[in-house]
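Structural features, examined
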Amino acid sequence: MKHLVLSAMTVSVMAMSGLANAAEPFVAGKDYTVLSNPGKVEKPGMIEVREFFWYGCPHCYRLEPYVASWLASKPANINFVRSPAAMNPVWEQNARGYYAVDLMGLTNKVHKPLFDAIHQKNQRLFDQKSLANFYQGYGVDSNKFNAMFNSFAVSGKIAQSKQLAQAYQLDGVPALVVNGKYVVKGEDQKVIQVVNYLINKERALVKKPAPAKK
């Protein structure tokens, strides 16, 4: 009888564990990191997903198709922000190039081609001169690009990128930060699944409006 009771208890514990896992498919500390000091989002009222990346990073390149696919169908109330990491001098060159082009409104035109040129064609596009020449091939005015590269506006964006990377305790890329609270790392479809899970988690935290008094 004792063995039967122990067996029943074991089955019960396993069943409860299975239900918990089914309810929470991703686990903090394993699939994502919870930040001890959440950061401010760019657009209050919208759930933010901020991607930190470097064009020369092979892991970022492998993640890019999944991010692009997610962007094509993401809800309108999700604010997606790209933050090119500027965590060392080489990365900063690419980050400056990104922001210079972004301020000209041409990011969508050159984002994927630059990734492809580096990782498929082995082009070393990691400094101002090579980036200006590359972007010029996609219709970017090189004079405007060079003027923007070290401008006050771009330097401000670089400072913000560095500050956020430090605040979010990032030690590498790619990294997606959800609503300033959670950091997700990886290079495959699971990253997007975890991001969607955390988005839903944030939505659930939003308080429902109190019912109107009769």
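What counts, and at which threshold
Residues numbered from 1 in each chain as written. Predicted model: local features only at pLDDT ≥ 70, side-chain atom pairs only at ≥ 80, totals over all residues. Heavy atoms only, no water. Helix = DSSP H or I, 4+ residues; strand = E, 2+ residues; numbered from the N terminus. Buried < 20%, exposed > 50% of the residue type's maximum accessible area, 1.4 Å probe, protein only. Contact = heavy atoms within 4.5 Å. Areas by Shrake-Rupley, 256 points an atom, 1.4 Å probe, with all protein chains shown as cover. Core = buried A, V, L, I, M, F, W, Y, C linked by side-chain atoms within 4.5 Å. Phe/Tyr/Trp six-rings, centres within 6.5 Å; stacked < 30°, edge-to-face > 60°.

Okay, the overall build of the chain next. Helix and strand counts for the chain come out as eight helices and five strands. When its helices and strands are written in sequence order, the chain yields α-β-β-α-β-α-α-α-α-α-β-β-α. Burial analysis of the chain (214 residues in total) assigns 41% to the buried set. Long-range contacts, defined as pairs at least 24 residues apart, comprise 70% of the intrachain contacts of the chain with a sequence gap of at least 6. With an accessible surface of roughly 12,500 Å², the chain has 57% of that area assigned to carbon and sulfur atoms.

Counting 40 residues, the largest nonpolar core has Phe52, Leu114, Tyr135, Phe145 and Val173 as the members making the most contacts within it. Elements with a minimum of two residues in this core: strand E2 (47–53), helix H2 (58–71), helix H3 (89–103), helix H4 (107–119), helix H5 (128–136), helix H6 (142–149), helix H7 (152–167) and strand E4 (175–178). For this core, the element with the highest residue contribution is H3, accounting for six residues. Residues within four places of Phe145 in sequence aside, it is in contact with Gly97, Ala100, Val101, Met104, Gln128, Leu131, Ala132, Tyr135 and Val140. One finds Phe26, Tyr32, Val191 and Ile192 within the second-largest nonpolar core, a separate group that totals 20 residues.

Moving on to the packing of aromatic side chains. Under the defined criterion, the tally for this structure stands at 17 aromatic pairs. On the basis of an interplanar angle of 85° and a centroid distance of 5.7 Å, the ring pair of Tyr32 and Tyr182 is categorised as edge-to-face. One end of the pair, Tyr32, is in the loop between helix H1 (2–23) and strand E1 (33–34); the other, Tyr182, is in strand E5 (residues 182–185), with 150 residues separating them in the sequence. The exposure class assigned to Tyr32 is buried, which follows from its relative accessible area of 6%. What links up through ring pairs into an aromatic cluster is the set Phe53, Tyr55, Tyr61, Tyr98, Tyr99 and Phe115.

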